[in-house]
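Residue strings, one per chain:
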Amino acid sequence: MNQFEAQATPGVKGLHPYQPGKPVDELQREYGVSDVVKLASNENPLGPSPVVLAALQNKLAELARYPDGNGFELKQALAAKHGVDMAQITLGTGSSDPLEFVVRAFVQPGDEVLFSEHAFAMYPIIAQAASATAVITPANTLPPDKWGHDLDAMRAAVTDRTRVIFIANPNNPTGTWLGGEVLRAFIADIPERVMVVVDEAYFEFASDPALGAVDYPDATQWLDCFPNLMVTRTFSKAYGLAGLRVGYSLSHPDVANLLNRIRPPFNVNSLALVAACASLNDVGHMRSGVAMNVEQMAYVTTTVKNQGLDFIPSVGNFVCIDVGERAAAVYDALLYEGVIVRPVANYGMPRHLRVTLGLPEENARFLTALEKVLA
Ligand SMILES: *Cc1c(COP(=O)(O)O)cnc(C)c1O
């Protein structure tokens, strides 16, 4: 072991970095394929709206200036959108930032951070980095919510050392979701000294009525009832700004005050601030992306079902498909076809591949490639 490895904190020593989807350039370099379709990181295939691109263009003249460290304009727009006080908002370099801040604010080495099996991969990483103990409850194993969070198991796993509970609604990579009544009752049962984080990265997709008569809550509505509730949202998914890195949390103002002490002063850059504000002014673009997603979800799931494959019903912009025991080989064979999806064996789902819904022609490419590879 080298000297610095020995000097690292216990949490950092045990860290395994987050595994992102394979970048397009990397596949082209390594496999010599061109015309690559990337359906691996739940990005928006339409990209940001023209209104956003114009606002970015205008902002370029000011790149020499530091951004507004308080993000006043964006916070003002978000406060109006959510009907909250600006003091309840913490801006982040993506919503990953507030997810990390809450652990840094409340969790000491040996404390417990609680989440479900198959939950978003950032949670164990954030807990580990803080030298915390990750307590992982088994997921549901029976329909109708197979793979989803077992809230009774999570309730039962709360101890004196529990500091933070992470719940992604809907969850990535499973796409499973929790209804309003059960989630609210769960939060009400949790002692106030435990922060409950509801990660709503896919809120805009899941809340679209066209996805079906889905019982899907907006947890921001409960902020006044639960001082220990924190809700995170992002511009990375439905708003198509993943490359700019901007997201936020809403919480009790006293919690936001703590998070804002941790937050680096200029964590949201000036282009990200401008783009986020502009995208809130062009909700129509976001809505048309969501509408396309609804159609493509039906197309992809119907097609794989007709191929005899199982999938996990999802309200996100992605779906996990059961391709059998040789999922790793299927993933690799798809790469040779120029299609990047996401293996999820590291999420305890060795038979599934997670596919982000892309443009209609991209999804068609994936479906054709999948049929060929499985044949
Ligand atoms: C993509 C995603 C995020 C958001 O990441 P950003 O840092 O906002 O880009 C958060 N939670 C879940 C569950 C996600 O899938």
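Conventions adopted
Residues numbered from 1 in each chain as written. Predicted model: local features only at pLDDT ≥ 70, side-chain atom pairs only at ≥ 80, totals over all residues. Heavy atoms only, no water. Salt bridge = Lys/Arg side-chain N within 4 Å of Asp/Glu carboxyl O. Helix = DSSP H or I, 4+ residues; strand = E, 2+ residues; numbered from the N terminus. Pairing = 2+ DSSP bridges. Contact = heavy atoms within 4.5 Å. Axes fitted to C-alpha atoms, helices over the stretch in contact; angles between N-to-C directions. Buried < 20%, exposed > 50% of the residue type's maximum accessible area, 1.4 Å probe, protein only. Right-handed = clockwise from strand over helix to strand, strands pointing away. Core = buried A, V, L, I, M, F, W, Y, C linked by side-chain atoms within 4.5 Å. Domains from an automatic or database assignment. Near = heavy atom within 4 Å. Polar contact = N/O pair within 3.5 Å; in protein donor to acceptor, adjacent residues only side chain to side chain. Areas by Shrake-Rupley, 256 points an atom, 1.4 Å probe, with all protein chains shown as cover. Nonpolar A, V, L, I, M, F, W, Y, C, P; charged D, E, K, R; others polar. Buried area = accessible area lost by both parts, 1.4 Å probe. Parallel < 35°, antiparallel > 145°, perpendicular 65-115°, else oblique. Left-handed = near helix turned anticlockwise from the far one by under 90°.

*Asks:* Can you help me understand the pattern of salt bridges in this one?
*Replies:* Any two side chains of opposite charge can pair, so long as their charged atoms come close to each other. For the structure shown, the criterion picks out 15 salt bridges. With its nearest N and O atoms 3.3 Å apart, the salt bridge here joins Arg 104 to Glu 100. Taken together, the residues span about one helical turn, with Arg 104 and Glu 100 both in helix α6 (residues 96–106) at a distance of four residues. Residues participating in the shared-partner salt-bridge network are Lys 22, Glu 26 and Glu 30.

*Asks:* Just checking my understanding: could you explain the sheet that holds strand β12 (residues 342–343) for this structure?
*Replies:* Pairing between the strands of a sheet is mediated by backbone hydrogen bonds and can be parallel or antiparallel. Read from one edge of the open sheet, four strands run β9-β10-β13-β12, paired in antiparallel fashion. Single-partner strands in this sheet number two, and they are β9 (310–312) and β12. With two bridges joining them, β12 and strand β13 (residues 352–356) adopt antiparallel strand pairing. Directly across from Pro 343, in β13, lies its bridge partner Leu 353. Where helix α14 (residues 327–336) meets the sheet, it contacts β12 and β13, and its direction lies at approximately 35 degrees from that of β13.

*Asks:* I keep staring at the pairing of strand β7 (residues 229–234) and nothing clicks. Help me out?
*Replies:* Every regular strand shows the same layout, with side chains that alternate between the two sheet faces. Burial analysis of β7 places six of its six residues in the buried class, the great majority of the element. The side-chain alternation of β7 yields two buried faces, one formed by Leu 229, Val 231 and Arg 233 and the other by Met 230, Thr 232 and Thr 234. Of the pairings in the sheet, the one linking strand β6 (residues 195–199) to β7 comprises four bridges and is parallel in character. Across the sheet, Val 197 pairs through a bridge with Met 230, a residue of β7. Direction of pairing for β7 relative to strand β8 (residues 247–250): antiparallel, over a ladder of four bridges. What sits directly across from Val 231, in β8, is Leu 250.

*Asks:* So what exactly am I meant to see when it comes to the sheet that holds strand β2 (residues 89–92) here?
*Replies:* As summarised here, the arrangement of the seven strands in space is β2-β8-β7-β6-β5-β3-β4, forming an open sheet in which the pairing is mixed. Strand pairing shows two members of the sheet lacking a second neighbour, β2 and β4 (133–137), which therefore form its edges. In this sheet, neighbouring strand axes are inclined to one another by 20 degrees on average, regardless of whether the strands run parallel or antiparallel. As paired elements, strand β3 (residues 112–116) and strand β5 (residues 162–168) share three bridges and run parallel to each other.

*Asks:* Looking at this model, I keep getting lost on the pairing of β5. Mind explaining?
*Replies:* Counting buried residues along β5, six of its seven residues qualify, which places the element largely inside the surrounding structure. As paired strands, β5 and β6 are joined by five bridges and run parallel to one another. Its bridge partner being in β6, Phe 166 is matched across the sheet by Val 197. Regarding the hand of the β-α-β motif, the stretch spanning β5, helix α9 (residues 180–189) and β6 is right-handed.

*Asks:* Explain the nonpolar core to me, please; I cannot follow it from the model alone.
*Replies:* Here is a general trend for soluble globular proteins: nonpolar side chains tend to be buried in one another's company. Ranked by size, the top nonpolar core spans 51 residues in total, and within it Leu 74, Ile 165, Ile 187 and Phe 235 carry the most contacts. Ranked by residues supplied to this core, first place goes to helix α12 (residues 270–280) with eight residues. Three or more residues apiece are contributed to this core by two domains, here domain 1 (3–47 + 284–374) and domain 2 (50–281). Those residues in contact with Phe 235 that lie beyond four places of it in its chain are Leu 74, Leu 78, Gly 240, Leu 241, Ala 242, Val 246, Gly 247, Tyr 248, Ala 276, Ser 279 and Leu 280. Val 103, Phe 120, Tyr 347 and Met 349 belong to the second largest nonpolar core, which has 30 residues in total.

*Asks:* Got a minute to help me understand the site of the ligand in this structure?
*Replies:* Residues in close proximity to the ligand include Gly 94, Ser 95, Ser 96, Phe 120, Asn 172, Asp 199, Ala 201, Tyr 202, Thr 234, Ser 236, Lys 237 and Arg 245, which together make up its full environment. Between Ser 96 and the ligand, the recorded distance is 2.4 Å, taken from a side-chain N or O atom to an oxygen atom. A distance of 2.7 Å is found between an oxygen atom of the ligand and a side-chain nitrogen or oxygen belonging to Asn 172. Surface burial for the ligand is 93%, taken as the share of its 390 Å² of free accessible area covered by protein chains. Across the shell around the ligand, the residue classes break down as three nonpolar, six polar and three charged.

*Asks:* Explanation requested: the side chain of Ser 95 in the structure shown.
*Replies:* Relative to the helices and strands, Ser 95 is located in the loop between β2 and α6. Take Ser 95: its relative accessible area is 9%, and that puts it in the buried class. Leaving out residues up to four positions away in the same chain, Ser 95 has contacts with Thr 232, Arg 233, Thr 234, Gly 247 and Tyr 248.

*Asks:* Whenever I open this one, the domain arrangement of the protein confuses me. Can you help?
*Replies:* Once the domains are mapped, the protein shows domain 1 (3–47 + 284–374) and domain 2 (50–281). On a C-alpha basis, the centroid separation for the pair domain 1 and domain 2 is 22 Å. Taken together, the contact between domain 1 and domain 2 spans 34 residues of the former and 33 residues of the latter. Of the roughly 2700 Å² buried between domain 1 and domain 2, counting both surfaces, carbon and sulfur atoms make up 70%. Summed over the shared surface of domain 1 and domain 2, the result is zero salt bridges. The interface formed by domain 1 and domain 2 includes nine residue pairs in polar contact (both at pLDDT 80 or more). Considering each element in turn, the side of domain 1 that touches domain 2 owes the most residues, six residues, to helix α13 (residues 283–306). Tallied by class, residues from the side of domain 1 that touches domain 2 come to 16 nonpolar, 15 polar and three charged.

*Asks:* Looking at this model, I keep getting lost on the packing of α14 against helix α15 (residues 360–374). Mind explaining?
*Replies:* To characterise two packed helices, one gives the angle between the axes of the helices and the distance between these axes. The interhelical angle for the contact between α14 and α15, taken along N-to-C directions, is 125 degrees, at an axis separation of 10 Å. Relative to α15, the element α14 is oriented oblique. Here α14 and α15 pass one another in a crossing that is right-handed. Each of Val 330, Ala 333 and Leu 334 in α14 lies in contact with α15, whose residues at this interface are Phe 366, Ala 369, Leu 370, Val 373 and Leu 374.

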